[in-house]
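# Remarks on the overall topology
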Amino acid sequence: MATNGMDYFIRLWQMGDNGLPENNVTAVIQASDGFLWLGTRSGLARFDGTSFEVFNSGNAPEMRSSHVTCLFEGTNGTLWIGHDNGDVTTYQAGKFSAVPVLAHWLGGKIFAICSDAAGDVWLLNQHGELGRVKDGAVIECSNDRPVHLLAVAKNPRGGFWIQRDTDVSFLDGGKLHPILTNTTTNTYVQGICATHDGGLWVMMEHHIKLWKNGEWAADFEPAPSDWAPSPAMIETRSGYLAVATSDHGLYIALPGHDSMRFCRTNGLSSDWINSMCEDREGNLWVGTGNGGLAMLRAVSVKKMAPPDAWEGRAVLAVDAGKDGRLWMGTEGAGLYSFDGETWTNFTEAVGLEHRYVWSVAPDAPGGIWAGTWGGGVYAQTNGRFERPAGLANLFVAAICRSRTGAMLVGTSEGLLCVSGDRTNWFAGKPDLVSPDVRAVCEAADGTVWFGMSGGGLGCRQNGKVRQYRRGDGLSSDFVQCLHLDEDGGLWIGTLGGGLNRFKDGRFASITKKQGLNDEVICDIEDDGQGNFWISSHDGIMRVNKSELASCANGTRSKVLCLNFGLSDGLPSLECSGGFQPAGCKTADGNLWFPTAKGLACVNPNTIRINPKPPPVVIEEMRVDGLAVANLFALTNELKIPPGHHRLEFDYAGLSYMAPERVRFRYRLDGLDHEWGETSQKRLADFSYIPPGSYVFRVTACNNDGVWSEDGASLAFNVLPYFWQTWWFFGLTGLVAAAAVGGSVLVATRRRMRLKLDRLEHQRAIERERTRIAKDIHDDLGASLTRISMLSQSARSDLTNAPEAAAQVDQICGMARELTRAMDEIVWAVNPEHDSLDSLAIYMGKYAQDYLRSAGVRSRLDIPEELPPWRVTAEVRHNIFLAFKEALNNVVKHSGASEVRVTLTLGLKAFVLSAQDNGRGFTPGLMLHANSSDPDRVEGGHGLANMKLRLEEIGGSFEIQSAPQAGTTGTFSVPLKASRFEDLKMAATMPRKK
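This report concerns the structure included in the present document. (Residues numbered from 1 in each chain as written. Predicted model: local features only at pLDDT ≥ 70, side-chain atom pairs only at ≥ 80, totals over all residues. Heavy atoms only, no water.)

## A look at the state of the cysteines
One pass over the structure, following the stated rule, counts zero disulfides. Left without a disulfide partner, Cys 459 is nearest to the cysteine sulfur of Cys 441, which lies 9.7 Å away. Judged by relative accessible area, which is 7%, Cys 459 ranks as buried. (Disulfide = S-S within 2.5 Å. Buried < 20%, exposed > 50% of the residue type's maximum accessible area, 1.4 Å probe, protein only.)

What follows is the structure, given as structure tokens:
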């Protein structure tokens, strides 16, 4: 929660806000590492500006009590923590340690911890006793009565003062040296604090006096009468005194000036103040007794408001009259003026009948013109407002006085020029698209520029009107404000398109990509010191004019934009825009901007850049989601076990001026070559980090863009598995080289085998060609020769008709045989028939035709579907001739009446068999060439030929027969199937008869 009180910005944190454990903040200091440490009754809290990390007796067992009463940082960076039960704990490098209890003192609550000039740490208990930690030496309180008021003030030059009730002493050389006593001051000492130059402020009964060099050096009086005794009083770097009270809040005072009081009614959450400290950036931190933590700092932007607080309405326009008076138009509260002391509200009582005032402008005589929403223009004359003729019932968002004294009036219908009693349209609907004028300005040569909401930029020069829109290079057609620069450039503020410059006939745009904080530009003011102050919907930006010009010229890619927001005192981030003037500069150099929640004033001369780059810390590192313990205690390179590769880093930039505006850049040395994009994100996430050594680096800038040079870094090593080590890669390389060599050898052998296969294939083709030639010669040639001889014989026997007819019949028969032989040759050489299915169909048809012509019944037993196995021409030719020979033997020698042809499929071969029911024979006798039976001798040669043909294709032929038991010839042909599954499928296929 944040609020504004006087000229200070106040931000509050209470229990539950970002982790604050308790609303009773007993102690607060900033350590040398930049962290803010808070003591509460519920533990110790470390604050990085956005969140609190709490340590207590539960997660830090060395803290035997969670009730923290005081905090102190020693010269070596050790944090000393005092507890209510008398215990003392230290924290260094992420580790807590318990300090042994002093033996010879009364004990009790630790009230304060401090160090002397020698660096020795002393403890102050609730009884007023001082105890030295290193040796247990105790300095007892000299008072016999109980001590009610204690305070310690650390001298920046070494040593410290201690107040015990009305006595003030200085500790030096292990002894207390009295400085002030009740007898010397004759008054009641209420509190003390050290000055930055070695003096001591002493608060005594409505006076604050400065003790320096052994005497009173100054008297700050009168002090407020309600200042109550309190141990919390500090001098800020700017020379102010911050005085905490137990029931009247906080006072901030400067000698010679009126003090300011902060309490529950103007920003603080409690009037009970326990502790205070000032951080390195000048922020004042206040720990309250029941309201949590507060941060106060002087603001850069002042909020101005009349007694009625604008009736809760937004301020739309502001301008200064000739007499320096400010005029403000509001959305529903009428017109206001402010002369530096008195606020005046103008409404119906003085003739201003319309309370929605969109624009204001002084006229030449010194009066004021007010443009309204639908009510036209009102002009002030003799303290009253009247509407000039012809200016009623208009929506007027912009008014500007020209160099000639005429008034340029921007309306929703276009641009009017009012000069005396004459009113003329300078530009309107016939000449313009969307002529809703929101901004007007006039150049030195009399050129009038005007911006429109939806119509872009308009120009009237020498009586001619021209309109520029997005197609001409403007980044947005919604123009809200205009500013003519002394170099002739026209700066154009747009709604959502950023800042534009029109110069030498060319538009250039500057947006967030070039460094602007926002792209809704409401107003542009020149501070006369080389800067533009630009109001927006995200606060006020200050940008150097030369940087803007360089960016518009293309010689610079980014501009440095300083942003002023709520934490700088701005009443609202949303500034008013689209009404003219939406800002002005007064003669004293102050800049005024209207906002949705009031009027803001900036004095550019008092703006101070925060020069402190933020300390950067890496708060936590997570490996695969698990936190690495105590990064603050690491002294060597962190080693991460193999197999853990997702890393997350939480980091913080310890700037408390405006933590929400701290920005970061990071990189991972060993993986990244460039810094990551600047962002406000406080987490870096790496999804995969290969084994190796890395350094994570992060740097940050404060609210004013000042970057820390060194930042923070964390070195770590992601360990590899053994197969990710260099020796394994080397061994793998050798194995890979051997594998490559083996692969080359295998490839070479494979190429040789393929070459041999090609040669064998070529030889097979040559054998097939030889066979085809032989078949044509033996079968076709012999048959053609015989046909020729029979034809000659028949020609010579034409006179013998019966003989000639017999010879012609022989010729016809031989021609049929010749056709069948030719068909067999063509079938054998046609590659389309290189399949088992084609072979089965052809042999089945041949068997049926041949046996039918011989008067023998045939039965076929062949599977209905055959797999698409390839059978070469050579195999088909030999198996067919052998099968043909077998059928021929059946017809000639067996005397059978039926033949069964069967085709079966095995895992390694297909088997073709021909079984007849003829007379049979004894197979052994058929092989003797001297047999007296000529048929058996011929049959013997036939069986030998069939066996030879099967052997040529790698198969086998077997014959089974017995006298009067028929004969079965079996042809087995080996297969080269590509898949065993195909063979199994083929073996189970249905068969066809």
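## Overview of the sheet that holds strand β50 (residues 506–510)
Reading across from one edge, β47-β48-β49-β50 is the order of the four strands in this open sheet, with antiparallel pairing throughout. If you trace the sheet from one side to the other, it starts and ends with β47 (479–484) and β50, each paired once. Each adjacent strand pair in this sheet contributes to an overall mean axis angle of 25°, direction not counted. Bridge count for β47 against strand β48 (residues 490–494) is five bridges, and the pairing is antiparallel. Bridge assignment links Cys 481 to a residue of β48, and that residue is Gly 493. Along the sheet, helix α2 (residues 545–553) makes contact with β48, β49 (499–503) and β50, crossing β50 at roughly 120°. (Pairing = 2+ DSSP bridges. Helix = DSSP H or I, 4+ residues; strand = E, 2+ residues; numbered from the N terminus. Axes fitted to C-alpha atoms, helices over the stretch in contact; angles between N-to-C directions. Contact = heavy atoms within 4.5 Å.)

## Some details on the pattern of salt bridges
Evaluated as defined, the whole model comprises 32 salt bridges. With a closest N to O distance of 2.5 Å, Arg 46 and Glu 53 form a salt bridge. Given a relative accessible area of 4%, Arg 46 falls into the buried group. Classification of Glu 53 as partly exposed rests on a relative accessible area of 38%. (Salt bridge = Lys/Arg side-chain N within 4 Å of Asp/Glu carboxyl O.)

## Describing the nonpolar core
Core analysis: the biggest nonpolar cluster contains 41 residues, and Leu 836, Leu 839, Phe 883, Phe 910, Leu 912, Leu 950 and Phe 971 have the highest contact counts within it. Broken down by secondary-structure element, the contributors of at least two residues to this core are α5 (836–853), β66 (857–863), α6 (873–894), β67 (898–905), β68 (909–916), α7 (934–952) and β70 (967–974). When residues in this core are grouped by element, the largest group, nine residues, is from α6. Formed by 32 residues, the second largest nonpolar core is a distinct cluster that contains Leu 36, Phe 47, Val 68 and Ala 652. (Core = buried A, V, L, I, M, F, W, Y, C linked by side-chain atoms within 4.5 Å.)

## Looking at the side chain of Thr 494
Along the chain, Thr 494 falls in strand β48. For Thr 494, a relative accessible area of 0% puts it in the buried group. Of the polar contacts made by the side chain of Thr 494, one reaches the backbone oxygen of Gly 498; its length is 2.8 Å. Once residues within four sequence positions are removed from consideration, Thr 494 is found in contact with Ser 475, Ser 476, Phe 478, Val 479, Gln 480, Asn 500, Glu 519, Val 520 and Ile 521. (Polar contact = N/O pair within 3.5 Å; in protein donor to acceptor, adjacent residues only side chain to side chain.)

## A word on empty space enclosed by the protein
One water molecule sets the probe size; rolling that probe over the atoms shows where empty space is left. Scanning the entire structure with this criterion turns up two cavities of 30 Å³ or more. The volume enclosed by the largest cavity comes to roughly 60 Å³. Forming the walls of the largest cavity are Leu 836, Leu 839, Ala 840, Met 843, Gly 844, Ile 862, Phe 883, Val 901, Leu 903, Phe 910 and Leu 912. Of all the elements in the fold, those that place two or more residues in the lining of the largest cavity are α5, β67 and β68. (1 Å grid on protein atoms, 1.4 Å probe; cavity = no way out; pocket = protein on both sides within 12 Å on 5 of 7 lines; lining within 4 Å. Points joined across faces, edges and corners; volume = space filled by probe spheres on them.)

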